[in-house]
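Here's the letter readout for the chains.
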Amino acid sequence: MAPKRETVTVESSRIESPRGETPRVESPRVPAQDGRRADARRNRERVLAAARAVFAERGIDAPMATVARRAGVGVATLYRHFPTRDVLVRDAYAQQMATCERALAGALAAADPWQGFQQLVETVCALQREERGFPAAFVAAFPGSTPEQAQSRQRAERDFTTLVRRAQASGALRADFHPSDLAVVLLAHCGLVTALPGDGAASRRLVAYLLQSFRAGAADEPLPPPSALTLRSLPIAADGPRRQRAPGA
């Protein structure tokens, strides 16, 4: 026969327990812990947003204290979430790096190797154009300061080399293209978007020029519309960079 059960009331909660046994009381939820976790998540997101803004303005070597001030948190809070600059840079642009990895995987899976090659270059250059701090972060990810970064770099280099060979074998990519030429493309485009951060037309036209120069056959595809940039409005001067003049000024 089952033992007769008695009802024990604890802080308005009814808990049944066999007679003679000490009733168990479950620990109440602590909303304060959830609140602290939510605060930590908000602080982390603020730091990441501030880091992207500061890196775009001052480069990825900007002081960590500047990032903390922009985020409205203490330096100790910043370092609690991101113990080193490398970690902060990697996490700030994690989404962009993941996009590059997906683009490379998609390029390798493309039925037309040239289309895959073209889409990869356009995707990486679009990220350079849209996220001003990303070019330096992208380059910084490749020296491989950690084993994970080194493995990622080696895998990316291997996969890109495979893509280049496939595109060359298809007859679309010129035979003398070398995988290291991609670094030349990214450096050239990085210089353009750094000098002209708001000129998307110039960026797209440069990328189209470069892609056409890599074609094995004659370039007969139309280029994107030209930029409004003129020699008179170049954002450089004899003594270094200067503010760009508006076209026609």
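Structure first, text after, so check above.
Residues numbered from 1 in each chain as written. Predicted model: local features only at pLDDT ≥ 70, side-chain atom pairs only at ≥ 80, totals over all residues. Heavy atoms only, no water.

(A) Seen up close, the overall build of the protein. Secondary structure assignment for the protein yields 10 helices and 4 strands. Starting at the N terminus and ending at the C terminus, the protein contains elements arranged as β-β-α-α-α-α-α-α-α-α-α-α-β-β. A burial count over the protein gives 33% of its 249 residues as buried. Contacts in the protein between residues far apart in sequence, at least 24 positions, make up 55% of those at least 6 positions apart. (Helix = DSSP H or I, 4+ residues; strand = E, 2+ residues; numbered from the N terminus. Buried < 20%, exposed > 50% of the residue type's maximum accessible area, 1.4 Å probe, protein only. Contact = heavy atoms within 4.5 Å.)

(B) Structural detail: the packing of aromatic side chains. If you walk through the whole model with that rule in mind, you get 7 aromatic pairs. When the ring of Trp114 is compared with that of Phe117, the centres are 5.4 Å apart and the planes differ by 25°; the resulting orientation is stacked. Residue Trp114 and its partner Phe117 are both found in helix 6 (residues 113-130); the two are separated by 3 residues, about one turn of the helix. The class of Phe117 is buried, set by a relative accessible area of 0%. When the ring of Phe117 is compared with that of Phe160, the centres are 6.1 Å apart and the planes differ by 25°; the resulting orientation is stacked. (Phe/Tyr/Trp six-rings, centres within 6.5 Å; stacked < 30°, edge-to-face > 60°.)

(C) Main features of the environment of Ala137. As for its position among the elements, Ala137 is in helix 7 (residues 134-140). For the pair formed by Ala137 and Ala92, sequence separation is 45 residues and the distance between their alpha carbons is 9.0 Å. In this structure Ala137 touches Ile60, Val89 and Tyr93, once residues within four positions along its chain are discounted.

(D) Highlighting the environment of Tyr93. Along the chain, Tyr93 falls in the loop between helix 4 (85-92) and helix 5 (94-109). Using a relative accessible area of 1% as the deciding quantity, one classes Tyr93 as buried. Each C-alpha atom, one on Tyr93 and one on Glu131, is 9.1 Å from the other, the two residues being 38 residues apart in sequence. The residues contacting Tyr93, other than those within four sequence positions of it, are Arg52, Phe55, Glu131, Gly133, Phe134 and Ala137.

(E) Representation of the pattern of salt bridges. Summed over all chains, the structure comprises 6 salt bridges. Linking Asp91 and Arg44 is a salt bridge whose minimum nitrogen-to-oxygen distance equals 3.1 Å. With a gap of 47 residues between them, Asp91 in helix 4 and Arg44 in helix 1 (residues 31-58) connect regions that are remote in the sequence. Residue classification places Arg44 among the partly exposed residues on the basis of a relative accessible area of 29%. Ionic pairing is found between Arg153 and Glu157, a salt bridge with its closest N-O pair at 3.5 Å. (Salt bridge = Lys/Arg side-chain N within 4 Å of Asp/Glu carboxyl O.)

(F) Broad picture of the environment of Gln168. Its location among the elements puts Gln168 in helix 8 (residues 147-169). According to the relative accessible area criterion, Gln168 is partly exposed, its value standing at 22%. Ignoring sequence-local partners within four residues, the contact set of Gln168 consists of Leu173, Arg174, Ala175, Asp176 and Phe177. From its side chain, Gln168 meets the backbone oxygen of Ala175 in a polar contact 3.2 Å long. (Polar contact = N/O pair within 3.5 Å; in protein donor to acceptor, adjacent residues only side chain to side chain.)

(G) Quick peek at the packing of helix 5 against helix 8. Taken N-terminus to C-terminus, the directions of helix 5 and helix 8 make an angle of 30°; their axes are 10 Å apart at the nearest point. Along this stretch, helix 5 crosses helix 8, giving a crossing that reads as left-handed. Contacts from Glu101, Leu104, Ala107 and Leu108 of helix 5 reach helix 8 at Ser152, Ala156, Asp159, Phe160, Thr162, Leu163 and Arg166. Of the residues contributing to the contact of helix 5 with helix 8, the split by class is 6 nonpolar, 2 polar and 3 charged. (Axes fitted to C-alpha atoms, helices over the stretch in contact; angles between N-to-C directions. Left-handed = near helix turned anticlockwise from the far one by under 90°. Nonpolar A, V, L, I, M, F, W, Y, C, P; charged D, E, K, R; others polar.)

Any functional reading would require information beyond the geometric quantities listed.
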